[in-house]
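# Chains, contacts and geometry: an overview
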Amino acid sequence: MPERRVLFEHRDVPGIETLEVYEKHGGYSALRKALSMTRQQVIDEVKASGVRGRGGAGFPAWIKWNGIPKDESKPHYVLCNADEGEPGTFKDRELMMRLPHQVIEGMVIAGYATLAKVGYIYIRGEYTEPARVMRRAIDEAYRAGYLGKNILGSGVDFDLYIHMGAGSYECGEESAMMSSLMGERGQPRLKFPHAPLPTIAGLWDCPTLINNVETLSCVPAIIRNGGAWYASMGTEKSTGTKIFSVSGHVNRPGNYEVEMGTPLMELLELAGGVKGKLKAVIPGGSSVPILPADKCDVNLDYESLQAAGTMLGSGGFMVLNDTVCIVRFMRRTAAFYAHESCGKCTPCREGTRWMVKIFDRILAGGGRMEDIDLLLDICDQIDGRSYCGLGDAAAWPIRASIKHFRHEYEYFIQHGHSIVEAEGKAVAV
Amino acid sequence: MSEPIRLGEYPRMRRVDERKPPELRFSQRAIEELERIKKHYPNKRAAMLPALWIAQREYGGYLPPEALMEVAYRMGTSYAVVEGVATFYTMYNKRPVGRVMLEVCTNLTCSICGGYEILRYLEEKLGIRVGETTPDGQFTLMEVECLNDCGNAPVMQVGNRYYGNLTLEKIDALLEELKSSEEHTVVQLADTIVQCHLTESERQDIERALARAAQAEEA
């Protein structure tokens, strides 16, 4: 299967980031159409499309949209999650740099459907290049009457503000993002069912719709062509297209938009093939379990990847060849989570640090065989025991790496050096 | 391989006397900007992150305790609250930094694509270690987590810009270019972030308000 470009349809058109060119290519026609529909009709189209959250969780988007109260007793908000921080992912960066108006159009439609008058786009602090593009696009949209009061004479108001982060992976998690936007430390909050969903009590305890950049970017095409059209792509349960950010040991790294259900090996071919011999793939960002080469005969959709023991995640597709030492690679993964743990929940805060200490002992040549089981034990004690998914995400990759590459750990502990070195290869990490 | 992480490291901060009125250093422009950003949210507390960005720019690229004190004053909250927020986020510098901050990514993709080589080369070339600043105050070298431009790994951020597909030759050329430039990349980054918050009409508003203030002063 070749690329199937829906979000990226006009990515390569020169000047597509400007309003003029975007409008020439059908830009904002979806907004006009949405404004002529009822709010429930818009939500129903999103439902028919079957689009699922592209930030990593894969939660059906329409349930969030439909879960927003239909009355305006409190102000409603739309929050676009542009705090792209998942290692290996760079799709939102390109969506904002190349197609900022598509994001804005999606947000205004979401605002209309959920009765929100204010939207925020939370962009990570490092992303000043995409943020400047978004800034210019928002200014253009205000001038053209796509944002602000009485949009296109419809009586609908929608203001859109940029809010910049300041360096925290944790803020990509929705409840931490809300804390951060409200001016607090970016720490997560108690979740459903122990607390109301953000759709009921989100920002300032008001109904809030939170969607990823990519999810919102799907909306204009869904409204333009209909939900059924979108659902005709992909598989039955994983509809539409997905952007995969392919990086690592491939010949042509970059963002590739393919239909859901595309075989993994075809995506690798699209990206120019593997440099060297394939060892493993991490299909959905650093948080998802690693997939060894012999298990790579799998389709890229939520269900197939889950059946293969990993996840689609955010689509951060990292390719590792046989020069990568899994033990060192996983030490780097563990160090990342130790650095980014916000410190709120003890299992994650302490567990991630302990894992790094154990890895450092192994790498220093002082590893003991029981360390492997000790790592697994720590994984079990973090997984599911923290407020947000960061703890789980710290445990899954380590656990999967031991499952699939236990022999590498054992070799390192026995010999004090990597099996990759022993094979006479230069170690990539 | 990266250095062992230093567990429990916490930026020790000088204390300031909270009973004394703070010494206010925000420029008129900064005050105007903050007032407008506060209006984006239903309460002013939400403007905390932008306020700290403004402070980082106004105080020359980092947040000394005096800056946190001023933010607390302008946000109508306590020093402890501001310090709590400022120390949580990695991009707020708690210590003085050089004019040019080199932030090298060594996360997963970059690590297997030569990120550590770039980092070691810079250490050697600048004669400093990660986290340090050159004695002339020109360069600070930092190791950072994923910058999310993995398609161009290895990647480094300098102020407003990402530099990708780095090689040792590219680093040589870039360092020469940065040495001869005058820009304070850290201040520039903070300013860009502040400007990104402001809508076009707000930016025009600020210019008008500043022009009026300048006229009044002349008169």
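Scroll up to find the structure.
Nothing here was measured: the structure is a model prediction, and the numbers come from that model.

### Here we look at the overall build of chain A
When its secondary structure is counted, chain A shows 17 helices and eleven strands. On C-alpha atoms alone, chain A measures out to a radius of gyration of 22 Å, which is about the 22 Å that the 2.2 N^0.38 rule sets for 429 residues. Seen along its three principal axes, the alpha-carbon backbone of chain A occupies a region of about 75 × 45 × 35 Å. Burial analysis of chain A (429 residues in total) assigns 64% to the buried set. Excluding contacts between residues fewer than 6 apart, the proportion of contacts in chain A whose partners are at least 24 apart in sequence is 72%. Element-wise, carbon and sulfur atoms account for 51% of the exposed surface of chain A, whose accessible area totals about 14500 Å². Taken together, the 48 basic and 52 acidic charged side chains of chain A have centroids lying 2 Å from each other.

### Some remarks on the overall build of chain B
For chain B, the count of helices and strands is nine helices and four strands. Along chain B, helices and strands appear, N-terminal first, in the series α-α-α-α-β-α-α-β-β-β-α-α-α. Overall, chain B is about 55 × 35 × 35 Å in size when its C-alpha atoms are taken along their principal axes. Residue burial in chain B is summarised as follows: out of 219 residues, 56% are buried. Partitioning the intrachain contacts of chain B with sequence separation of at least 6 by distance along the chain shows that 70% fall at a separation of at least 24. Per element, the accessible surface of chain B, about 9900 Å² overall, is 48% carbon and sulfur. Side chains of chain B give 27 positive and 34 negative charges; the mean places of these two sets differ by 6 Å.

### Topic: the pattern of salt bridges
With the rule as written, the count across this model stands at 44 salt bridges over all chains. Close ionic contact of E207 of chain B with R29 of chain B constitutes a salt bridge, the shortest N to O distance being 3.0 Å. Residue E207 of chain B is found in helix α9 (residues 200-218), and its partner R29 of chain B is found in helix α1 (residues 28-38); the two are separated by 178 residues along the sequence. One continuous salt-bridge network, built from bridges that share partners, spans E3, R5, R11, D12 and E94 of chain A.

### A few points about the interface of chain B and chain A
Many descriptions give the size of an interface as the accessible area lost when the pieces come together. Chain B puts 55 residues into the contact, and the matching count from chain A is 67 residues. Taking both sides of the interface into account, the surface hidden between chain B and chain A amounts to around 4900 Å²; carbon and sulfur atoms contribute 59%. At the surface where chain B touches chain A, the tally comes to four salt bridges. For D149 of chain B, the salt bridge identified is with R93 of chain A, shortest N-O distance 3.9 Å. Here chain B and chain A share 30 residue pairs in polar contact (both at pLDDT 80 or more) between them. Among the elements of the structure, α2 (48-58), α4 (79-88), α5 (108-112), β2 (139-144), β4 (161-163), α8 (185-197) and α9 of chain B are those that each provide at least two residues to the side of chain B that touches chain A. For the side of chain B that touches chain A, the element with the highest residue contribution is α8 of chain B, accounting for six residues. Residues that form the side of chain B that touches chain A fall into these classes: 29 nonpolar, 18 polar and eight charged.

### Comments concerning the sheet that holds strand β1 (residues 100-105) of chain B
Residue and element names in this part refer to chain B. Strand order in the open sheet made by the four strands is β2-β1-β3-β4, with mixed pairing throughout. Two strands bound the open sheet, and with one partner strand each, they are β2 and β4. For this sheet, the mean inter-axis angle between neighbouring strands, taken without regard to orientation, is 25 degrees.

### So, the pairing of strand β4 (residues 208-212) of chain A
Residue and element names in this part refer to chain A. Among the five residues of β4, five are classified as buried, and the element is accordingly described as predominantly covered. With burial as the criterion, each face of β4 is covered, one bearing T208, I210 and N212 and the other bearing L209 and N211. Bridging between strand β1 (residues 77-82) and β4 involves five bridges; their strand directions are parallel. Bridge pairing in β4 places L79 opposite I210.

### Observations regarding the environment of K74 of chain A
All names here are of chain A. Turning to its location among the elements, K74 is positioned in the loop between α4 (61-67) and β1. Sequence separation between K74 and I200 is 126 residues; the distance between their C-alpha atoms is 10.0 Å. Setting aside residues no more than four positions away along its own chain, K74 makes contact with D205, C206 and P207.

### Quick look at the nonpolar core
Counting 125 residues, the largest nonpolar core has W65, I104, Y120, I121 and I123 of chain A together with L52 of chain B as its most contacted members. The biggest single contributor to this core is helix α6 (residues 100-113) of chain A, with eight residues. Setting aside anything within four residues of it in sequence, one finds I123 of chain A in contact with A82, D83, M96, A131, M134, I162, H163, M164 and G165 of chain A.

### Focus: the sheet that holds strand β9 (residues 291-292) of chain A
Residues and elements named next belong to chain A. The five strands lie next to each other as β6-β5-β11-β8-β9, forming an open sheet whose pairing is mixed. The outermost strands of the open sheet, each flanked by one partner alone, are β6 (254-259) and β9. Bridge count between strand β8 (residues 278-282) and strand β11 (residues 316-321): four bridges; the pairing is antiparallel. Bridging from a neighbouring strand, L278 pairs with N321 of β11.

### Quick notes on the packing of aromatic side chains
Residues and elements named next belong to chain A. Under the counting rule described, the total for this entry stands at 18 aromatic pairs over all chains. Taking 5.5 Å as the distance between ring centres and 85 degrees as the angle between the ring planes, the aromatic pair formed by Y22 and Y28 counts as edge-to-face. When its relative accessible area of 0% is taken as the criterion, Y28 is described as buried. Ring plane angle 80 degrees and centroid distance 6.2 Å describe the contact between F244 and F317, whose orientation is recorded as edge-to-face. Remark: F317 occurs in strand β11 and F244 occurs in strand β5 (residues 241-248); sequence separation between them is 73 residues. Across this residue pair, the class does not change: F244 and F317 are buried.

### Examining unusual backbone geometry
That bond from F192 of chain A to P193 of chain A is cis: its omega, 5 degrees, falls within 30 degrees of zero. As for its placement among the helices and strands, P193 of chain A is situated in the loop between α8 (174-181) and β4. Across the junction of A153 of chain B and P154 of chain B, the peptide omega takes the value -5 degrees, indicating a cis bond. Looking at the element boundaries, P154 of chain B is found in the loop between β2 and β3 (156-158). One non-glycine residue, N150 of chain A, adopts positive backbone phi at about 50 degrees. Residue position: N150 of chain A is located in the loop between α7 (128-143) and β3 (159-164).

The rules behind the values
- Residues numbered from 1 in each chain as written.
- Chains lettered and ligands numbered in written order.
- Predicted model: local features only at pLDDT ≥ 70, side-chain atom pairs only at ≥ 80, totals over all residues.
- Heavy atoms only, no water.
- Helix = DSSP H or I, 4+ residues; strand = E, 2+ residues; numbered from the N terminus.
- Rg over C-alpha atoms; globule rule 2.2 N^0.38 Å.
- Buried < 20%, exposed > 50% of the residue type's maximum accessible area, 1.4 Å probe, protein only.
- Contact = heavy atoms within 4.5 Å.
- Areas by Shrake-Rupley, 256 points an atom, 1.4 Å probe, with all protein chains shown as cover.
- Lys, Arg positive; Asp, Glu negative; His and termini not counted.
- Charge placed at Lys NZ, Arg CZ, Asp CG, Glu CD.
- Salt bridge = Lys/Arg side-chain N within 4 Å of Asp/Glu carboxyl O.
- Buried area = accessible area lost by both parts, 1.4 Å probe.
- Polar contact = N/O pair within 3.5 Å; in protein donor to acceptor, adjacent residues only side chain to side chain.
- Nonpolar A, V, L, I, M, F, W, Y, C, P; charged D, E, K, R; others polar.
- Pairing = 2+ DSSP bridges.
- Axes fitted to C-alpha atoms, helices over the stretch in contact; angles between N-to-C directions.
- Core = buried A, V, L, I, M, F, W, Y, C linked by side-chain atoms within 4.5 Å.
- Phe/Tyr/Trp six-rings, centres within 6.5 Å; stacked < 30°, edge-to-face > 60°.

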